[in-house]
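Structural overview for review
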Amino acid sequence: MSIQQFIDNEVKSNDVVLFMKGTPQFPQCGFSGQIVQILDHLGVAYKGINVLESDELRNGIKAYAQWPTIPQLYVKGEFVGGCDIVREMFQAGELEQVLKDKGLAGKHPASA
Amino acid sequence: MPMDANEIERLIKSRIPDADVTIRDLAGDGDHYAATVIAESFRGKSRVQQHQLVYEALKGQMGGALHALALQTGIPNT
């Protein structure tokens, strides 16, 4: 399986996927950490994939979305954005709406 | 090698001529910038598409010479 197939499979078989540096428990980059906080706050279940585990993955994800930076958030197979966009959408209440529209928000109560 | 703020603005405007570009050097080290790009030509485009246009303008410098660029895009308030 090529790296592009691997990424495509992850994106399409998980409702919410975050490609990030580090893990949701231990983010290794402030930008990745911000999205983790937002997703945790919204109480949405997601899969975190650590791009630091493989250079092939780290470069492959940039090509996949034609997006030069990490983190990258995908919802229902669709690229939502990187840190700036996700934060902006969260602050405007749009992210919660997108998740709700797709039947994803509030599966778990927000812990904060 | 850090990038000059004027150079960033020039690259963005060369790709998006109607852009109103504001750049702040966040850390004063020529390496961490925040840019706001407002353009009428963004109208009808998603945020992802707007950001992709800006990244395209920066010709692959993003993630390379340009370590961190916090980006905000939008259309002018009329």
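Bear in mind the structure is a predicted one, so any value in this text is a computation, not a measurement.

**Digging into the nonpolar core**
By size, the foremost hydrophobic cluster in this structure holds 28 residues, and its most contacted members are Val17(A), Leu18(A), Phe19(A), Ile35(A), Leu39(A) and Val86(A). Counting only elements with at least two residues in this core, the list comes to helix 1 (3-13), strand 1 (16-20), helix 2 (30-42), helix 3 (55-65), strand 3 (72-75), helix 4 (83-91) and helix 5 (94-101) of chain A. Once residues lying within four places of it in the same chain are set aside, the contact partners of Leu39(A) are Leu18(A), Val44(A) and Tyr46(A). Among the nonpolar cores identified, the runner-up in size contains 17 residues, and Ile8(B), Ala39(B), Tyr55(B) and Leu69(B) belong to it.

**Structural notes on the sheet that holds strand 3 of chain A**
All names here are of chain A. Read from one edge of the open sheet, four strands run 2-1-3-4, paired in mixed fashion. On the outer flanks of this sheet lie strand 2 (47-50) and strand 4 (78-81), each paired with one strand and no other. Across the sheet, the mean angle from the axis of one strand to that of its neighbour is 25 degrees, orientation sign disregarded. Note that strand 3 and strand 4 share three bridges and pair antiparallel. Opposite tyrosine 74, over in strand 4, you have phenylalanine 79 as the bridge partner.

The rules we used
Residues numbered from 1 in each chain as written. Chains lettered and ligands numbered in written order. Predicted model: local features only at pLDDT ≥ 70, side-chain atom pairs only at ≥ 80, totals over all residues. Core = buried A, V, L, I, M, F, W, Y, C linked by C-beta atoms within 7 Å. Buried ≥ 20, exposed ≤ 12 C-beta atoms within 10 Å, placed from the backbone. Helix = DSSP H or I, 4+ residues; strand = E, 2+ residues; numbered from the N terminus. Contact = placed C-beta atoms within 7 Å. Pairing = 2+ DSSP bridges. Axes fitted to C-alpha atoms, helices over the stretch in contact; angles between N-to-C directions.

Geometric descriptors of this kind do not, in isolation, establish any biological role.
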